[in-house]
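Now for the letters of each chain:
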Amino acid sequence: MALPAALLALQLGLGPAAQAHEPAGAGPRTASSPAAPRAATVTEGQVKEVAPGGVITYPSVTSCLTVTVRLRDGGLVGAHASLFQVPGELRSDAILAALGKLVGDRPVTSVQVKGAVGAWHPSYFTKAIESYGEGEQVPVPEGRDLDGIAQAVSQGLGLPRGVVTVEDTPDGDQTAH
């Protein structure tokens, strides 16, 4: 199946939420993990965290989406969702659950999704391309579904839609500060 590889830059006209969202039942945990490094490289199918003021690098974002959760304390938790599973790493339908688990009950100020939006159908976050059986029809994206991807990420993380922004970015490395 051929999916778009080259995409035009397009931004969603929504700004990040003005205040932090605290999930229901939020406990006393309010700071980034004490073991979180100041910098991390997050490759396809991985989820990692950096301490407040840290930097996440997502290398070679071509057909992927990156999801960066900004915590109230300044820490970042990031995921690199791969269109096709990299051996030994998470599939697209497991990435949001792993990201949410790492975020835990900490207050979130915003979630930024960036990457090859035109190559992604929102349902890939709930059923990975690899999970379709013989004869099953794999959904194919029709254009850039910024809102659909934002809704899928919002639901997958259990956060309000208003904290999630989606940006279609050109191929290459991405950095979140």
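This text gives an overview of the structure that appears in the document. Keep in mind that what you see is a predicted model, and the values were worked out from it rather than measured.

Here we come to helix 1 (residues 92-103). A rise of 1.5 Å per residue sets the reference length of helix 1, with its 12 residues, at 16 Å; its end C-alpha atoms lie 17 Å apart and thus fit the reference within 8%. Among the residues of helix 1, those classed as buried are Ser92, Ile95, Leu96, Leu99 and Val103. Each buried residue of helix 1 lies within a common arc of 90 degrees when the element is viewed along its axis, so the set occupies one face. Exposed and facing more than 90 degrees away from the buried side of helix 1 are Ala97 and Lys101. Turning to helix 1, the residues buried within the fold contact strand 3 (47-50), strand 5 (65-71), strand 6 (76-81), strand 7 (108-115) and helix 2 (146-157). Gly104 sits one or two positions beyond helix 1 and adopts a positive phi of about 65 degrees.

Close approach of charged atoms allows side chains with opposite charge to pair. Summed over the entire model, instances satisfying the criterion amount to 5 salt bridges. Put simply, Lys127 and Glu136 hold a salt bridge, and the shortest N to O gap is 3.1 Å. Using a relative accessible area of 28% as the deciding quantity, one classes Lys127 as partly exposed. We classify Glu136 as partly exposed; its relative accessible area is 41%. Between Asp168 and Arg144 there is a salt bridge, with the nearest N and O atoms lying 2.4 Å from each other. Here Asp168, found in strand 8 (residues 164-168), pairs with Arg144, found in the loop between strand 7 and helix 2; they are 24 residues apart in sequence, far enough to count as distant.

Quick look at the sheet that holds strand 4 (residues 55-61) now. One open sheet accounts for 3 strands, arranged 2-4-9; its pairing is mixed. Strands at the two margins of the open sheet, each flanked by one partner only, are strand 2 (39-41) and strand 9 (172-176). Looking at each pair of strands side by side, their axes are set apart by 15 degrees on average, direction ignored.

Further remarks concern the environment of Ser131. Within the secondary structure, Ser131 is located in the loop between strand 7 and helix 2. A relative accessible area of 27% means that Ser131 is categorised as partly exposed. As for Ser131 and Arg91, which are separated by 40 residues in sequence, their C-alpha atoms are 9.4 Å apart. Within the structure, the side chain of Ser131 is placed 2.6 Å from the backbone oxygen of Ala128, a separation counted as a polar contact.

This brings us to helix 2. In this model, helix 2 (12 residues) spans 17 Å end to end at C-alpha, consistent with the 16 Å of a helix rising 1.5 Å per residue. Taken as a whole, helix 2 has its buried residues at Leu146, Gly148, Ile149, Ala150, Ala152, Val153, Ser154 and Leu157. Following helix 2 by one or two positions, Gly158 adopts a phi angle in the positive range, close to 70 degrees.

So, about the packing of aromatic side chains. Inspection of the entire model under this criterion finds 2 aromatic pairs. Here Lys127 stacks its cationic end above the ring of Tyr132, 4.3 Å away from the centre of that ring.

Now for unusual backbone geometry. One non-glycine residue with positive phi stands out, namely Ser60, at about 50 degrees. As for its placement among the helices and strands, Ser60 is situated in strand 4.

As a further point, take the nonpolar core. Ranked by internal contacts, the top residues of the largest apolar core, which has 35 residues, are Val69, Leu99, Val111, Trp120, Phe125, Ile149 and Val153. Secondary-structure elements contributing two or more residues to this core are strand 5, strand 6, helix 1, strand 7, helix 2 and strand 8. At 6 residues, helix 2 tops the list of elements feeding residues into this core. Filtering out sequence-adjacent residues up to four positions away, Val69 remains in contact with Gly75, Leu76, Val77, Leu99, Val103, Val108, Ser110, Val111 and Leu157. Membership of the second largest hydrophobic core comes to 9 residues, among which are Val42, Val50, Val61 and Leu76.

About the thresholds
- Residues numbered from 1 in each chain as written.
- Predicted model: local features only at pLDDT ≥ 70, side-chain atom pairs only at ≥ 80, totals over all residues.
- Heavy atoms only, no water.
- Helix = DSSP H or I, 4+ residues; strand = E, 2+ residues; numbered from the N terminus.
- Expected span 1.5 Å × (residues − 1).
- Buried < 20%, exposed > 50% of the residue type's maximum accessible area, 1.4 Å probe, protein only.
- Arc of directions from axis to C-beta.
- Contact = heavy atoms within 4.5 Å.
- Salt bridge = Lys/Arg side-chain N within 4 Å of Asp/Glu carboxyl O.
- Pairing = 2+ DSSP bridges.
- Axes fitted to C-alpha atoms, helices over the stretch in contact; angles between N-to-C directions.
- Polar contact = N/O pair within 3.5 Å; in protein donor to acceptor, adjacent residues only side chain to side chain.
- Phe/Tyr/Trp six-rings, centres within 6.5 Å; stacked < 30°, edge-to-face > 60°.
- Lys NZ or Arg CZ within 6 Å of the ring centre and 35° of its normal.
- Core = buried A, V, L, I, M, F, W, Y, C linked by side-chain atoms within 4.5 Å.

Interpretation note: all reported values are geometric properties and have no functional meaning in isolation.
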